[in-house]
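Coordinate inspection notes
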Amino acid sequence: TDPKSSFALVDEQRIDLVNLLNRYRMAGSESYIRQPLYASLDITVTLCALPSAFQGDVRASVIRALSVKTFFHPDNFTFGTPLERSRLEAVVQSQPGVDGITSIQYRRRGYQSTSIEMPAFVPIGREEVLRVENDPSLPEFGSVMVIVNGGK
């Protein structure tokens, strides 16, 4: 099961889920729940700002739009849901002051040592959940970096 508005089950949810599974389990076998595997990504967006836009304002707007409260909210990605480049581009392009996107690169933590250009889809395993929290105190949970060229 995928918890609402969270990346992890709290103890009460875990107990409720085990009780639900116990109704259907075979006698003599035990019900248990594994933690999901997380696919944490580091994403770097390079973009051009409109000549009238301030770089800092554009950067802040894009980071806010790609935060765990908006685009990377836990309810937007469930088990096996890939990251679609077109959706990410649409969110970035819709921010005030963005003139165009030059590059979107990503690195999957624990699998890749360097960033590569993002394909149309970043595949996620069936038992994995995409995670990009962008919390400086928890860099292993994924991050977003925005490089702004042009503007003021």
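Residues numbered from 1 in each chain as written. Predicted model: local features only at pLDDT ≥ 70, side-chain atom pairs only at ≥ 80, totals over all residues. Heavy atoms only, no water.

Thoughts on the pattern of salt bridges
- According to the stated counting rule, one finds five salt bridges in the structure shown.
- Notably, a salt bridge pairs Arg107 with Asp42, separated by 2.6 Å at the nearest N-O pair. Of this pair, Arg107 sits in strand 3 (residues 98-108) while Asp42 sits in strand 1 (residues 37-49), and the two are 65 residues apart along the sequence.
- For Asp42, the salt bridge identified is with Arg109, shortest N-O distance 3.1 Å. (Salt bridge = Lys/Arg side-chain N within 4 Å of Asp/Glu carboxyl O. Helix = DSSP H or I, 4+ residues; strand = E, 2+ residues; numbered from the N terminus.)

Observations concerning unusual backbone geometry
- Of note, Asn134 is a non-glycine position whose phi angle comes to about 55°, a positive value.
- Structurally, Asn134 can be placed in the loop between strand 6 (128-131) and strand 7 (143-150).
- Looking at Asn134, the relative accessible area reads 26%, which means it is partly exposed. (Buried < 20%, exposed > 50% of the residue type's maximum accessible area, 1.4 Å probe, protein only.)

Remarks on the pairing of strand 1
- Burial of strand 1 is extensive: 10 of the 13 residues sit out of reach of the surface.
- Pairing between strand 1 and strand 6: four bridges, direction parallel. Bridged to Leu37 within strand 6 is Glu128.
- Alignment of strand 1 against strand 3, held across nine bridges, turns out to be antiparallel. Of the residues in strand 3, the one forming a bridge with Val45 is Ile104.
- As defined by bridge partners, strand 1 adjoins strand 7 across eight bridges and the pair is classed as parallel. Each bridged residue has a counterpart across the sheet, and for Cys48 the counterpart in strand 7 is Asn149. (Pairing = 2+ DSSP bridges.)

From the geometry alone we can't say anything about function, so treat these as descriptive.
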